[in-house]
Amino acid sequence: MKIEILKADITEIHVDAIVNAANTSLLGGGGVDGAIHRKGGKVILDECIQIRNKQGGCKVGEAVITTAGNLPSKYVIHTVGPVWNGDKEEKKNLLAACYQNSLELAVENNIKTIAFPGISTGIYHFPKDKAAEIAIKTVLNFDKISEIEKVIFVCFDDESYKIYNDLLEKIDKK
Ligand code: AR6
């Protein structure tokens, strides 16, 4: 498995699946969620509504999958990150669960290349450095990671891009 760090808009990435930082309603919102629904078109929302009707949305830490409409990827994996407040240890575990469950869904759907945004690091205020550490650790420790060919961490700002690069450099040197 290869790890790549990009400073980019995730809606423009050509991979099997991009991950969306959604909310429990699955009905869209702001941030990366808004961008994905806007560019992907109505197909994504329609499939999200079908999932809602079946299982009542998506819980924090869990993930669901839809096709990707007009986006260059084949699928969108929607996961719901935790809001950074209250019990911080619990929130860290829930963020790890987002990455873990997204990867599980990827393997189940034969997805070989996947791009993650910084789940919870926008409107949900999870500290960017802690979130990046959890993201990288969870990916590297995923038991079926050999079934994935490439994981891209998509950073939207310079600060996140530097955090991911610094962390990966540290790991390389170990
Ligand atoms: N491509 C890549 N990354 C992006 C993009 C983009 N187009 N747009 C934003 N980011 P956020 P959250 C980054 O707020 O914190 C929504 O309303 C952004 O800089 O999108 O998990 C949902 O419906 C940040 O680093 O998601 C939920 O209600 C990261 O993506 C709520 O926001 C996540 O920021 C979820 O909040």
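See the structure printed just above.
Here is a short report on the structure shown in this document. Bear in mind that the values here come from a model prediction, so they are computed numbers and not experimental data. (Residues numbered from 1 in each chain as written. Predicted model: local features only at pLDDT ≥ 70, side-chain atom pairs only at ≥ 80, totals over all residues. Heavy atoms only, no water.)

Section: the sheet that holds strand S1 (residues 2-7)
Consideration 1: Spatial ordering of the open sheet is given by S1-S6-S5-S2-S4-S3, a layout of six strands whose pairing is mixed. With one partner strand each, in any of the chains shown, S1 and strand S3 (63-67) form the two edges of the open sheet. On average, adjacent strands in this sheet sit at an angle of 25° to one another, irrespective of strand direction.
Consideration 2: In the sheet, strand S5 (residues 113-116) pairs with strand S6 (residues 150-155) via four bridges, with the strands oriented parallel. By the bridge assignment for S6, Ala-115 is matched with Ile-152. (Pairing = 2+ DSSP bridges. Helix = DSSP H or I, 4+ residues; strand = E, 2+ residues; numbered from the N terminus. Axes fitted to C-alpha atoms, helices over the stretch in contact; angles between N-to-C directions.)

Focus on the pattern of salt bridges
Side chains carrying opposite charge are able to pair once their charged atoms draw close together.
Consideration 1: The full count for this structure, using the stated rule, is 12 salt bridges.
Consideration 2: Put simply, Lys-74 and Asp-16 hold a salt bridge, and the shortest N to O gap is 2.9 Å. Here Lys-74, found in the loop between S3 and strand S4 (75-80), pairs with Asp-16, found in the loop between S1 and strand S2 (17-22); they are 58 residues apart in sequence, far enough to count as distant.
Consideration 3: Overall, Lys-74 belongs to the exposed group, its relative accessible area being 53%.
Consideration 4: Put simply, Lys-92 and Glu-89 hold a salt bridge, and the shortest N to O gap is 3.2 Å. With Lys-92 and Glu-89 both in helix H3 (residues 88-108), this residue pair falls three residues apart, about one helical turn.
Consideration 5: Lys-92 sits in the partly exposed class, given a relative accessible area of 24%.
Consideration 6: Several salt bridges share partner residues, and in doing so they unite Lys-2, Glu-4 and Lys-150 into one network. (Salt bridge = Lys/Arg side-chain N within 4 Å of Asp/Glu carboxyl O. Buried < 20%, exposed > 50% of the residue type's maximum accessible area, 1.4 Å probe, protein only.)

Some details on helix H2 (residues 42-55)
Consideration 1: For H2, with 14 residues, the first-to-last C-alpha span of 20 Å sits near the 20 Å given by 1.5 Å per residue.
Consideration 2: Listing the buried residues of H2 in full gives Ile-44, Cys-48 and Ile-51. Viewed along the axis of H2, the buried residues span an arc of 60°, placing them on a single side of the element. Across from the buried face of H2, at angles greater than 90 degrees, the exposed residues are Lys-42, Gln-50 and Asn-53.
Consideration 3: Along its buried surface, H2 packs onto helix H1 (31-40), S3 and S4.
Consideration 4: The positive-phi residue at the C-terminal boundary of H2 is Gly-56, with phi of around 70°. (Expected span 1.5 Å × (residues − 1). Arc of directions from axis to C-beta. Contact = heavy atoms within 4.5 Å.)

What about the environment of Ile-18?
Consideration 1: Along the chain, Ile-18 turns up in strand S2.
Consideration 2: Judged by its relative accessible area of 0%, Ile-18 falls in the buried class.
Consideration 3: Spatially, the C-alpha atoms of Ile-18 and Lys-74 are 8.3 Å apart, while their sequence positions differ by 56 residues.

Let's talk about the packing of aromatic side chains
Consideration 1: All chains considered together, the criterion is met by four aromatic pairs.
Consideration 2: Here Phe-153 and Tyr-164 contribute two aromatic rings whose centre-to-centre distance is 4.9 Å and whose plane-to-plane angle is 25°, an arrangement assigned as stacked. Of the two residues, Phe-153 sits in strand S6 while Tyr-164 sits in helix H5 (residues 158-173), which places them 11 residues apart along the sequence. In this pair, the class of Phe-153 matches that of Tyr-164, namely buried.
Consideration 3: Aromatic ring contacts, followed pair by pair, group Tyr-99, Phe-116, Phe-153 and Tyr-164 into a single cluster. (Phe/Tyr/Trp six-rings, centres within 6.5 Å; stacked < 30°, edge-to-face > 60°.)

Digging into a nonpolar patch on the surface
Consideration 1: Residues Met-1, Leu-140 and Ile-171 make up a contiguous nonpolar surface patch of about 230 Å² in total accessible area.
Consideration 2: Inspection of the secondary structure assignment puts Ile-171 in helix H5. (Patch = residues over 30% accessible without salt bridge, like charges linked within 9 Å, V, L, I, M, F, W, Y side chains within 5 Å. Areas by Shrake-Rupley, 256 points an atom, 1.4 Å probe, with all protein chains shown as cover.)

Any functional reading would require information that these geometric values do not contain.
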